[in-house]
Amino acid sequence: MARHRYDEEDHFKPIRRVLIGTLVVCLLGIFLLWRIDSPRVERLRAQIVEQIVPGFDWIMAPVTSLVRMGEGFESYARLYEQNEELRRELQQMKAWREAALQLELENARLLDLNNVQIDPELTFITGVVTADSASPFRRSILLNVGSEDGVRDGWATMDGLGLVGRIAGTSRRTARVLLLTDPSSRVPVTIQPSGQNAMLVGDNSAAPRIDFIEATEQVRPGDRVVTSGDGGVFPADLLVGSVALGTDRRFRLRLAADYERLEFLRVLRSAPARPVEDARPIDGRVDPETDDDPIAALDAEAADG
């Protein structure tokens, strides 16, 4: 068997040599043909190309398809990158849009503050609400203005619509605002157009009570409620809200201020209440070092007469 295999290999060796020699001669002939610079050879080369090249279309078809697939993949990759970039830009635009809306809302609220009609003699400080310190037993908020800005206890605060509360504690850079809904809040008010005086009493609800009305039969739901200025707690004629009839059949206040969106507040600078002059003790006694006895003065006038 081994000898037979070796005989076959010896038989094919001359054939391989002939084929290799023929291939080498053909390649040399093609090389020389392409190197000869002659018009006749040029025409021959052109005819050979015209005859052979069209026959290679079916061979080049897969290559062309692969090239097109590669170009398509590159195009898809570029489209994917552009799509991702557009997505990022869209996210940035959404963030800018939200920021623009927030600025627009803040600008609208600041414009509302400018539209509040208050006494021209009153000046104000605008503060930003930084925290809500409300609890089941206390209703208050914090502002980012304090004693360094000249804020004092007792000053009234308003939003773009109406009265919110009063300053009930200050530090260097913050101030606490006691809201009208706080149970300890008491505000003298006037009901218009009847002119009835009353007391606005906070009861930890969204609609404080209106108590101590002089003539309840003259009050109607929807009547305007403003501060009366009595006692010097608040300046007079600040809008507080309107009268509403509660479920308990008692008069309550529909607040003009929007407590759900307190962001900016005006702190009204108000002068301290003037002390009552010629104040006398209830028992009628007179301090001889500070005042004269009016009865003695009448007796002296009668004696002169």
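Use the structure listed above.
Description of the structure in this document. Predicted model, so just to flag it, every value in this text is computed and none were measured.

Calculation criteria
- Residues numbered from 1 in each chain as written.
- Predicted model: local features only at pLDDT ≥ 70, side-chain atom pairs only at ≥ 80, totals over all residues.
- Heavy atoms only, no water.
- Helix = DSSP H or I, 4+ residues; strand = E, 2+ residues; numbered from the N terminus.
- Buried < 20%, exposed > 50% of the residue type's maximum accessible area, 1.4 Å probe, protein only.
- Contact = heavy atoms within 4.5 Å.
- Areas by Shrake-Rupley, 256 points an atom, 1.4 Å probe, with all protein chains shown as cover.
- Pairing = 2+ DSSP bridges.
- Axes fitted to C-alpha atoms, helices over the stretch in contact; angles between N-to-C directions.
- Patch = residues over 30% accessible without salt bridge, like charges linked within 9 Å, V, L, I, M, F, W, Y side chains within 5 Å.
- Salt bridge = Lys/Arg side-chain N within 4 Å of Asp/Glu carboxyl O.
- Core = buried A, V, L, I, M, F, W, Y, C linked by side-chain atoms within 4.5 Å.
- Phe/Tyr/Trp six-rings, centres within 6.5 Å; stacked < 30°, edge-to-face > 60°.
- Lys NZ or Arg CZ within 6 Å of the ring centre and 35° of its normal.

### A short note on the overall build of the protein
- Along the backbone of the protein there are 4 helices and 12 strands.
- Out of the 305 residues in the protein, the part that is buried amounts to 25%.
- Relative to all contacts within the protein whose residues are 6 or more apart in sequence, the contacts with residues 24 or more apart total 52%.
- As presented, the protein carries roughly 21,800 Å² of accessible surface, and 57% of it is formed by carbon and sulfur atoms.

### As for the sheet that holds strand β3 (residues 156–158)
- Pairing is antiparallel in the closed barrel, where 6 strands are placed in the order β1-β2-β5-β4-β3-β12. On average, each strand axis in the sheet is inclined to that of its neighbour by 45°, with strand direction left out of account.
- Bridging between strand β2 (residues 140–143) and strand β5 (residues 175–179) involves 4 bridges; their strand directions are antiparallel. When the bridges of β5 are listed, L142 appears paired with R176.

### What about a nonpolar patch on the surface?
- Together, I20, V24 and L28 give the surface a local cluster of nonpolar side chains, amounting to about 280 Å² of exposed area.
- Tracing the sequence through the fold places I20 in helix α1 (residues 2–35).
- I20 sits in the exposed class, given a relative accessible area of 55%.

### What to know about the nonpolar core
- L163, I191, L200, I210, V225 and V240 are the most contacted members of the largest nonpolar core, which has 21 residues in total.
- Residue assignment for this core shows that the elements contributing at least two residues are β3, β6 (186–192), β7 (196–201), β10 (239–245) and β11 (251–255).
- In this structure L163 touches A156, T157, M158, L180, T227, F234, L238, L239, V240, A257 and Y259, once residues within four positions along its chain are discounted.
- Grouped together as the second largest cluster of nonpolar side chains are 15 residues, I141, V145, L179 and V267 included.

### Examining unusual backbone geometry
- P193 follows Q192 through a cis peptide bond whose omega is 10°.
- Residue placement: P193 occurs in the loop between β6 and β7.
- We note that F212 has phi near 60°; this positive angle belongs to a residue other than glycine.
- Within the secondary structure, F212 sits in the loop between β8 (209–211) and β9 (224–227).
- Positive phi values are uncommon outside glycine, yet D237 reaches one of about 65°.
- As for its position among the elements, D237 is in the loop between β9 and β10.
- Classification of D237 by relative accessible area gives exposed; the value is 52%.

### Digging into the packing of aromatic side chains
- Enumeration according to the criterion identifies 0 aromatic pairs in this entry.
- Positioned above the aromatic ring of F124, the side-chain terminus of R266 is 3.9 Å from the ring centre.

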